[in-house]
Amino acid sequence: MLESAAYLETAHGRKYLAQLCKHFAHKIEVTASENHGECHFACGLGILDADDYGLRMTARAENGEDLAQTQSVIESHLARFAFREELQPLDWQWQNKAG
């Protein structure tokens, strides 16, 4: 399993988490609370964690292609919801994941 993570510093992390999870839930399985969401895409798993300072996004997938696609889905939709912020491309960092 491959994993990468990105962080967006924003005062609206919980708002974006809620918007993303609500949007994705129309087509895929999503579990969400105020601070945590899991989105089960065909290409991988998107995990969202929000706090007072931002939104952490984690992508997990079986291979590099699916990981890149999971990252892209999360990032492209975040860009839509965070259009008022001057977003730069997210800096996805590979995570060491055993198993």
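These numbers were taken from a predicted model, which means no experiment stands behind them.

**Comments concerning the pairing of strand E2 (residues 29-32)**
For E2 and strand E3 (residues 36-40), the ladder comprises four bridges, and the chain directions are antiparallel. Residue pairing across strands places Thr-31 opposite Glu-38, the latter belonging to E3. Taken together, E2 and the strand that follows it, E3, pair antiparallel across an intervening segment of three residues.

**Re helix H2 (residues 64-81)**
Spacing of three or four residues puts side chains on the same side of an α-helix, whose turn is 3.6 residues. Between its first and last C-alpha, H2 extends 26 Å over 18 residues, near the 26 Å set by a 1.5 Å rise per residue. Every buried residue belonging to H2 is among Leu-67, Thr-70, Gln-71, Ile-74, His-77 and Leu-78, and all of these are buried. Buried positions in H2, seen along its axis, are confined to an arc of 145° and lie on one side of it. Facing away from the buried surface of H2 by more than 90 degrees, the exposed residues are Glu-65 and Arg-80. Buried-residue contacts for H2 involve strand E1 (2-9), helix H1 (13-24), strand E4 (45-51), strand E5 (54-61) and strand E6 (93-95). Its side-chain oxygen 3.1 Å from the backbone nitrogen of Glu-65, Asn-63 forms the N-cap of H2.

**Thoughts on the nonpolar core**
Core analysis: the largest hydrophobic core is formed by 22 residues, its most contacted members being Leu-48, Leu-55, Met-57, Leu-78, Leu-90 and Trp-92. Elements with a minimum of two residues in this core: E1, H1, E4, E5 and H2. Leaving out residues up to four positions away in the same chain, Trp-92 has contacts with Ser-4, Ala-5, Ala-6, Met-57, Thr-58, Ala-59, Gln-71, Ile-74 and Glu-75.

Each value, and the rule that gives it
- Residues numbered from 1 in each chain as written.
- Predicted model: local features only at pLDDT ≥ 70, side-chain atom pairs only at ≥ 80, totals over all residues.
- Heavy atoms only, no water.
- Pairing = 2+ DSSP bridges.
- Helix = DSSP H or I, 4+ residues; strand = E, 2+ residues; numbered from the N terminus.
- Expected span 1.5 Å × (residues − 1).
- Buried < 20%, exposed > 50% of the residue type's maximum accessible area, 1.4 Å probe, protein only.
- Arc of directions from axis to C-beta.
- Contact = heavy atoms within 4.5 Å.
- Polar contact = N/O pair within 3.5 Å; in protein donor to acceptor, adjacent residues only side chain to side chain.
- Core = buried A, V, L, I, M, F, W, Y, C linked by side-chain atoms within 4.5 Å.

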